[in-house]
Amino acid sequence: MKRFFDVELETFRSQLIRMGETAIEQVRAAMKALVESDASLAKRIIADDDQIDALEVTIDDEAIRYMNLRAPIASDLRLVIVGMKTSHDLERVGDEATSIAKRAIRLGAEPPLKPYIDLPRMAAIALEMLRDALDCFLQDDEAKAIAVCKRDAEVDNINRQLYRELTSFMLEKPETISRAIELMFISKSLERIADHATNIAEEMIYLSKGKDVRHTEELKKSHNQPAA
Amino acid sequence: MADLNRSIPAVPPVTAPLAGRAAPVPAPADEAEVAFDIRDFSLWYGTLQALFDVTIRIPARQVTAIIGPSGCGKSTFLRALNRMHELTPGTRITGTLLLHGEDLYSPAIDPTHVRRRVGMVFQKSNPFPTMSIAENVLAGLRLNGVRDKAFLRERLEQSLRMAALWDEVKDILGRPGVSLSGGQQQRVCIARALAVEPEILLMDEPCSALDPIATAKIEELIRDLRTRYTVVIVTHNMQQAARLSDRTAFFYLGKLVEYDATRTIFMNPANRQTEAYVSGRFG
Amino acid sequence: MPATISIHPSAAQQARRRWTNQAMSAVLLACALAVMAPLFLVLYYLIREGATSLDWHFFTQLPKPTGEAGGGMANAIVGTLTLLAMAAGIGVPFGVMGGIYLAEYGSDRANDWLRFAADVLNGVPSIVWGMVVYALLVVPFKTFSAYAGGVALGMMMIPLVMRTTEEVLVLVPQGYREAALALGIARWRIIVVIVVRTALKGIVTGVLVALARVAGETAPLLFTALGNSFWSHRLSEPIAALPLQIFTYAISPYDDWHRQAWAGALVLMAMILLINLIVRVLSRERRFT
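K.L.:
When you look at the overall build of chain C in this model, what are you seeing that I'm missing?
P.N.:
Helices and strands together make up the secondary structure of chain C, namely eleven helices and zero strands. Overall, chain C shows an N-to-C arrangement of helices and strands of α-α-α-α-α-α-α-α-α-α-α. Taken against the 2.2 N^0.38 rule, which gives 19 Å for 289 residues, the C-alpha radius of gyration of chain C at 25 Å runs more than 25% over that of a compact globule. With the C-alpha coordinates of chain C rotated into their principal frame, the extents come out at 85 × 65 × 40 Å.

Rendered as structure tokens:
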């Protein structure tokens, strides 16, 4: 039987999706600003972070109100709780995108250290992970969510490889240290974004199956691979 | 001691950019039309005082819930709103009770007229046993002298539709009112109350005798009625009050302890007793 | 005597208990039969003595003069029915309205006194009623009349109907009155259209029971209706009634009249039985699906 407060849950879901899409857009735009040295785009991204922050507050507020006044049970309750946690992850993703944009402005002032290949590759994977994790929200696909968790290893690998490359750069040419450090931080941000995507995927599994898979053996194995 | 008259509007949801939130919360605008304006209202049953200086303003076209433990005076207060307490001999009141500015207790007013404007639905559904469903719904009109058959037919269908019962009973309108299920009977009683077109609908624990599905149907109905009627509902079901109402009043021992937006009462009540009651730690 | 009582009775105890159970059941059955016995006795005697005299003549002919054989009780039967109709005309309106007053109006204390008065009146011997109505309606008008008989019976009905009406009205749940009040319906309308209508079956039952009671009253009629060997053409004349006729015939020395008295008693009994049967049928609760 349809109840009058069902529409509130629908609104809640669409707000989450909107926040996810906004976060994805911020990351993509930040990378674009970096690769194309577009300072004005970067400044816009930094300003737009307010939207994501506002959405986090709205979603949390709405979640608390819904739990308080509607006493949700079962999947409704899981939805509300997952929504609160996901909004937190997405807000952090937005902050990372802002951080990338800031560094893009600083890097844009000087010529690039080397052609941007690895960072865009990392970003692409991280964005795909985010997209897939948010798709689970609409599709209830546990396999997809697990695949996202396993892909985190790829991003971690590229990050480690980039660290080694940049370290050797810095040792050979000390004048590149400031730029190299910015790049390392950007790589770290992208790795963090992938981690947040993994968190979101775990939350989606909880939402659809009621199973809390965080820190379980199944997923730990894929996370922590021995250093190559 | 909580200030009984404080009225904090709900904080508007944040859609504006973050900077906008830093602005101070705007002063409560008197936008809501007031249905009942009650000041220092006290009620005695003989020498026993049942209500103590209740001051409250109930907004129009919203659902106001009245909650409180047994014997706190919530039913007494509800019945005072349409002078039903006068059935018991020996009751008297002091204070003012205005309905859209009119004093309901002034000597010039006939209590029967008050009850036509302020309808009531009771805890136990009570369709008249000697009447059919149609006769029940139209009882308030026919027994007040309305004879126009076309008008009555139209009002019958209108009221039953408003009570979300038309489709279920339109073919069995001649059956006795008591032959329906409990939830349907209660909806017949609601249709009966609506048929006389009151301004206010008072509901005294309307769902407490019903199963969850019948309760859900009536809650949906109350939610729909909200756009046209002012509803005051007494309930001991806290979740129901939280779901349905816009404002909630907490009574204890005949006093109005706290009255505020429902969200505030359930999330962040100002009074310790209110918090104890809504979180189930009372008594 | 054992110090503790075991929950498992011994075989002897069990046997004793069973015997006691059966003995008591037999005693109670005997008592119930003893209560029923008079009714069967009465019916048996009435039918044995009176059934043979029930013929067409009995129901259509007037009583023959003293000593002549034959004749009937046509005027007495009609007379009883007339008197009952008049009694109902007085007893029902006053009794029902009195009952409504007791149930819906008045204060607790005043109503208590009213009930007390009604209960006392219910206990007044019927012959006293007869004497009172004699003084009120027979002496001033210098004639015995059907009116007087009807009034006497009617006044006996009033307290009975009043109490039974009040009892049934009080049984109507307060919820209906409240619901009607909440619709803004006037108080008297609520009482007439909703409360009384709901209790109607009970009120009718009460009226019928009172009628059955006064149908057989003889003493009040002795001083008021007096009895009549012929048809009464006006209600201000004396009128025949079954109990009166039975009385007259029964104490007479004539066998024929004795025979007719038995028949009259049988007819009277049949009337009362019929009324009680109707009451039973009405009292049966119809269940709604």
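Past the structure itself, the notes keep going.
K.L.:
Mind showing me how you'd approach the interface of chain B and chain A here?
P.N.:
Interfaces are often sized by the amount of accessible area the parts lose when they come together. With 17 residues of chain B in contact, the opposing surface of chain A contributes 17 residues. Between chain B and chain A lies a buried interface of about 1,600 Å² when both sides are counted; carbon and sulfur atoms form 61% of it. Inspection of the region where chain B meets chain A yields three salt bridges. A:Arg3 is the partner of B:Glu220 in a salt bridge, and the nearest nitrogen-oxygen pair spans 2.6 Å. Elements represented by at least two residues in the side of chain B that touches chain A include exactly helix H1 (18–21), helix H8 (212–225), helix H9 (238–244) and helix H10 (262–267) of chain B. Per-element tally for the side of chain B that touches chain A: the top contributor is H8(B), with five residues. Looking at the side of chain B that touches chain A, its residues break down into eight nonpolar, two polar and seven charged.

K.L.:
It is not clear to me how the interface of chain C and chain B should be interpreted in this structure. Could you clarify?
P.N.:
Across the boundary between the two partners, chain C contributes 19 residues, which contact 28 residues of chain B. The contact between chain C and chain B buries some 2,000 Å² in all, and 68% of this surface belongs to carbon and sulfur atoms. It is C:Leu181, C:Ala182 and C:Leu183 that lose the most area in chain C upon contact with chain B, and together they represent 28% of the buried surface on that side. Here chain C and chain B share one salt bridge between them. One salt bridge in this structure joins C:Glu178 and B:Arg79, with 2.7 Å as the shortest N-O distance. Counting across the chain C and chain B interface gives six residue pairs in polar contact (both at pLDDT 80 or more). Counting residues per element, the side of chain C that touches chain B draws most heavily on helix H7 (residues 174–182) of chain C, at eight residues. The residue inventory of the side of chain C that touches chain B, partitioned by class, reads eleven nonpolar, five polar and three charged.

K.L.:
Explanation requested: the sheet that holds strand E9 (residues 247–252) of chain B in the structure shown.
P.N.:
Residue and element names in this part refer to chain B. The six strands are arranged E6-E7-E8-E3-E9-E10 in an open sheet whose pairing can be described as mixed. Two strands in the sheet have a free side with no partner beyond their single neighbour: strand E6 (118–121) and strand E10 (255–261). Between one strand axis and the next, the sheet turns by 20° as a mean value, whatever way the strands run. Strands in contact with helix H7 (residues 182–195) are E6 and strand E7 (200–204); relative to E6, the strand with the most contacts, it is inclined by about 175°.

K.L.:
Please explain a positive patch on the surface as it appears in this structure.
P.N.:
Together, B:Arg142, B:Arg147, B:Lys149, B:Arg153 and C:Arg197 give the surface a local cluster of positive charge. Within the element layout of this structure, C:Arg197 appears in helix H8 (residues 187–215).

K.L.:
Any chance you could explain the side chain of A:Asp135 here in plain terms?
P.N.:
Residue and element names in this part refer to chain A. Among the structural elements, Asp135 can be located in helix H4 (residues 118–139). Note on Asp135: relative accessible area 19%, which makes it buried. A distance of 3.5 Å separates the side chain of Asp135 from the side chain of Lys144, its partner in a polar contact.

K.L.:
Could you clarify how one ought to interpret helix H3 (residues 74–104) of chain C in this entry?
P.N.:
Two residues of an α-helix separated by three or four positions point the same way, owing to the 3.6 residues in each turn. All names here are of chain C. Between its first and last C-alpha atoms H3 spans 44 Å; for 31 residues at 1.5 Å apiece the expected length is 45 Å, and the two agree. Its maximal kink placed at Gly91, H3 deviates by approximately 25°, while the proline Pro93 follows within four residues. In the segment just after H3, Gly106 is the residue with positive phi, at about 75°.

K.L.:
I keep staring at the pairing of E10(B) and nothing clicks. Help me out?
P.N.:
For a regular strand, the rule is simple: side chains alternate between the two faces of the sheet. Residue and element names in this part refer to chain B. Burial of E10 is extensive: six of the seven residues sit out of reach of the surface. Where E9 and E10 come together, six bridges link them in antiparallel fashion. Directly across from Ala249, in E10, lies its bridge partner Tyr259. Following E9, the chain reverses through two residues before pairing antiparallel with E10; Leu253 in that reversal takes a positive phi of roughly 50°.

K.L.:
What is the right way to look at the nonpolar core in this model?
P.N.:
One recurring pattern in soluble globular proteins is that nonpolar side chains are buried together. If you look at the biggest cluster of nonpolar residues, it comprises 117 residues, and the most contacted ones within it are A:Leu119, A:Leu190 and B:Leu160. In terms of residue count, helix H6 (residues 177–209) of chain A provides more of this core than any other element does, 13 residues in total. Excluding residues within four positions of it along the chain, B:Leu160 makes contact with B:Val137, B:Leu165, B:Trp166, B:Val169, B:Leu173 and B:Ala191. Judged by nonpolar contacts, the second largest core, of 102 residues, contains B:Met120, C:Ile190, C:Ala199 and C:Ala261.

K.L.:
Could you clarify how one ought to interpret the confidence of the model for chain B in this entry?
P.N.:
Close inspection of predicted coordinates is inappropriate for parts of the model with low pLDDT. Residue-level pLDDT values for chain B average 87, and 89% of them are 70 or greater. Per-residue pLDDT stays below 50 along residues 1–29 of chain B; that stretch engages in 20 contacts with residues further than four places along the chain or on separate chains.

K.L.:
I'm lost on the sheet that holds strand E5 (residues 102–103) of chain B in this one. Help?
P.N.:
Paired through their backbone hydrogen bonds, the strands of a sheet run either parallel or antiparallel. All names here are of chain B. As summarised here, the arrangement of the four strands in space is E2-E1-E4-E5, forming an open sheet in which the pairing is antiparallel. Unpaired on one side and paired on the other, strand E2 (48–59) and E5 mark the two borders of the sheet. Strand direction decides the pairing type here: strand E1 (residues 34–45) and strand E4 (residues 91–99), joined by eight bridges, are antiparallel. Among the inter-strand pairings, Tyr45 is bridged to a residue of E4, identified as Thr91.

K.L.:
What is the right way to read the arrangement of the chains from this model?
P.N.:
In this assembly two pairs of chains touch, with chains B and C having more contacts than any other pair. Looking at chain A next to chain C, you find no contact at all, with the nearest C-alpha pair sitting 27 Å apart.

K.L.:
How should I be thinking about the packing of aromatic side chains in this particular structure?
P.N.:
Aromatic rings considered in pairs are described by the distance between their centres and by the relative angle of their planes. For the structure on display, the rule yields 16 aromatic pairs over all chains. Between B:Tyr277 and B:Phe282, the ring centres sit 5.7 Å apart and the planes meet at 85°, which makes this aromatic pair edge-to-face. Ring geometry for C:Tyr44 against C:Tyr45: centres 5.8 Å apart, planes inclined by 70°, an arrangement best described as edge-to-face. An aromatic cluster is built from B:Phe250, B:Tyr252, B:Tyr277 and B:Phe282, whose rings are joined through pairwise contacts. Against the face of B:Tyr259 rests B:Arg247, its NZ or CZ located 4.7 Å from the ring centre. Taking the ring centre of C:Tyr105 as reference, the NZ or CZ of C:Arg187 above it sits at 4.9 Å.

K.L.:
I would appreciate a short explanation of the confidence of the model for chain C in the present structure.
P.N.:
Mean pLDDT over chain C: 88, with 97% of residues reaching 70 or higher. Here the prediction assigns the complex a pTM of 0.79, and the interface score ipTM is 0.82.

K.L.:
Quick question: what am I supposed to make of H4(A) here?
P.N.:
Given a rise of 1.5 Å per residue, 22 residues ought to cover 32 Å, and the 31 Å separating the end C-alpha atoms of H4(A) matches this to within 8%. Residue A:Asp140 follows H4(A) closely and has a positive phi angle near 65°.

K.L.:
Hey, could you run me through the packing of helix H1 (residues 6–35) of chain A against helix H2 (residues 39–70) of chain A in this one?
P.N.:
Between two packed helices, the angle of one axis relative to the other and the distance separating the axes together describe the packing. All names here are of chain A. Running from amino to carboxyl end, H1 crosses H2 at an angle of 160°, the nearest separation of the two axes being 10 Å. Classed by the angle they form, the pair H1 and H2 counts as roughly antiparallel. In the packing of H1 onto H2, the handedness of the crossing is left-handed. In terms of residue class, the contact of H1 with H2 is built from 16 nonpolar, five polar and nine charged.

K.L.:
Teacher, can you tell me more about the environment of A:Thr86 here?
P.N.:
All names here are of chain A. Summarising the element assignment, Thr86 is placed in helix H3 (residues 74–108). Since its relative accessible area comes to 1%, Thr86 is described here as buried. Along the backbone, Thr86 and Ile200 are 114 residues apart, and their C-alpha atoms lie at a distance of 5.8 Å. Beyond its immediate sequence surroundings of up to four residues, Thr86 is in contact with Leu16, Ile200, Glu203 and Met204.

K.L.:
Could you clarify how one ought to interpret the side chain of B:Ser42 in this entry?
P.N.:
Topologically, B:Ser42 is positioned in strand E1. With sequence-adjacent residues up to four places away left out, B:Ser42 is seen in contact with B:Gln49, B:Leu51, B:Phe52, B:Asp53, B:Arg92, B:Ile93 and B:Thr94.

Basis of the calculations
Residues numbered from 1 in each chain as written. Chains lettered and ligands numbered in written order. Predicted model: local features only at pLDDT ≥ 70, side-chain atom pairs only at ≥ 80, totals over all residues. Heavy atoms only, no water. Helix = DSSP H or I, 4+ residues; strand = E, 2+ residues; numbered from the N terminus. Rg over C-alpha atoms; globule rule 2.2 N^0.38 Å. Contact = heavy atoms within 4.5 Å. Buried area = accessible area lost by both parts, 1.4 Å probe. Salt bridge = Lys/Arg side-chain N within 4 Å of Asp/Glu carboxyl O. Nonpolar A, V, L, I, M, F, W, Y, C, P; charged D, E, K, R; others polar. Polar contact = N/O pair within 3.5 Å; in protein donor to acceptor, adjacent residues only side chain to side chain. Pairing = 2+ DSSP bridges. Axes fitted to C-alpha atoms, helices over the stretch in contact; angles between N-to-C directions. Patch = residues over 30% accessible without salt bridge, like charges linked within 9 Å, V, L, I, M, F, W, Y side chains within 5 Å. Areas by Shrake-Rupley, 256 points an atom, 1.4 Å probe, with all protein chains shown as cover. Lys, Arg positive; Asp, Glu negative; His and termini not counted. Charge placed at Lys NZ, Arg CZ, Asp CG, Glu CD. Buried < 20%, exposed > 50% of the residue type's maximum accessible area, 1.4 Å probe, protein only. Expected span 1.5 Å × (residues − 1). Bend = angle between axes of the 7 residues up to and from the residue. Core = buried A, V, L, I, M, F, W, Y, C linked by side-chain atoms within 4.5 Å. pLDDT = per-residue confidence, 0-100. Phe/Tyr/Trp six-rings, centres within 6.5 Å; stacked < 30°, edge-to-face > 60°. Lys NZ or Arg CZ within 6 Å of the ring centre and 35° of its normal. Parallel < 35°, antiparallel > 145°, perpendicular 65-115°, else oblique. Left-handed = near helix turned anticlockwise from the far one by under 90°.

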